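Residue-level structural notes
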Amino acid sequence: MNRYWWALLALLATISSTAVAQRPQSSDQQQAYDRRRAELTKEVEETQRRLGDLRSQRVTLQARLENAIAQDMQARSQRLVMSNELNALQQLDSMLVAAQENLLSQRERFRALGDAVRRRTGAVLVVMLRADSSGTQTLGATELMIDNGAAASRSYSGEANAALQIGAVDQLYRSEVLPTDHTVRLQVTVNGQPLTQSVTVKTQGETVTYVQFAVRNGQLMPMTWTSRGTTPF
């Protein structure tokens, strides 16, 4: 029995010494394990950080790429629109040039036609007004109508009346006309009373046709004649 206890004590002592001898070794392994774990954890965290940076850079690059693509598409669209507008402007410019040339051509044709008509007709109409030497009549407002269109108007002052009374003649109208019949209508206010007279004359080519209205004794007396020259008498 004593041998058993001594053997048990010896075994316990051996186990205790073994445990005491192994304890420092287990602590060193734990420290090494902790250091390695910390290093691995740090590497994992660093890797995760780098992965996050790469993801952020990827998002930034993708956004820049999409922006560049959008700008390129917009630039292409603008170039296309500008190209269409440029073509439209060129076509419009060509149309304007053609229209201008056509207008100049038409103007030259009308000018030539007008010159030809004037050379062919040469009809001139002259309308005059005179008064007799009586000092008892005073002329006021005067309206001249040719072919129902207003041609001239006068308002005679005292000096103008004095000139008419001593033989002056007032030329109311002178112009080239077509060689055809023309209606000449004159209204004159004499001593406050309106007088009206109309006459129809036929003008001829290369001829001056004169119409003279004379105020005599409160009446308008028309007279007409023609001339191949340019003077009334």
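A word on the overall build of the chain
Check the secondary structure of the chain and you find two helices and eight strands. Reading the chain from its N end, one meets helices and strands in the order α-β-β-β-α-β-β-β-β-β. Expressed as a percentage of the 233 residues in the chain, the buried residues total 19%. Taking all contacts inside the chain whose residues are at least 6 apart in sequence as the whole, residues at least 24 apart take part in 58%. Surface summary for the chain: the accessible area is close to 17,300 Å², and the carbon and sulfur share equals 54%.

A word on a nonpolar patch on the surface
A cluster of nonpolar residues, Leu-89, Leu-92, Met-95 and Leu-96, forms a patch on the protein surface that exposes about 430 Å² of accessible area. The topology assignment puts Leu-96 in helix H1 (residues 2-121).

A word on the packing of aromatic side chains
We describe a pair of aromatic rings using the distance from one ring centre to the other and the angle between the two ring planes. Per the counting criterion, the structure on display carries one aromatic pair. With centroids separated by 5.3 Å and ring planes inclined at 15°, the aromatic side chains of Tyr-210 and Trp-225 adopt a geometry described as stacked. You can see Tyr-210 sitting in strand E7 (residues 208-216) and its partner Trp-225 sitting in strand E8 (residues 219-227), a full 15 residues away along the chain. What makes Tyr-210 buried here is its relative accessible area of 1%.

Thoughts on the nonpolar core
Counting 25 residues, the largest nonpolar core has Leu-125, Val-127, Leu-129, Leu-144 and Phe-213 as the members making the most contacts within it. Elements with a minimum of two residues in this core: strand E1 (123-131), strand E2 (139-146), strand E4 (169-177), strand E5 (181-190), strand E6 (193-202) and E7. A total of five residues in this core trace back to one element, the largest contributor, which is E1. Counting six residues, the second-largest nonpolar core is a separate cluster that includes Val-124, Val-126, Val-208 and Trp-225.

Procedures and definitions
- Residues numbered from 1 in each chain as written.
- Predicted model: local features only at pLDDT ≥ 70, side-chain atom pairs only at ≥ 80, totals over all residues.
- Heavy atoms only, no water.
- Helix = DSSP H or I, 4+ residues; strand = E, 2+ residues; numbered from the N terminus.
- Buried < 20%, exposed > 50% of the residue type's maximum accessible area, 1.4 Å probe, protein only.
- Contact = heavy atoms within 4.5 Å.
- Areas by Shrake-Rupley, 256 points an atom, 1.4 Å probe, with all protein chains shown as cover.
- Patch = residues over 30% accessible without salt bridge, like charges linked within 9 Å, V, L, I, M, F, W, Y side chains within 5 Å.
- Salt bridge = Lys/Arg side-chain N within 4 Å of Asp/Glu carboxyl O.
- Phe/Tyr/Trp six-rings, centres within 6.5 Å; stacked < 30°, edge-to-face > 60°.
- Core = buried A, V, L, I, M, F, W, Y, C linked by side-chain atoms within 4.5 Å.

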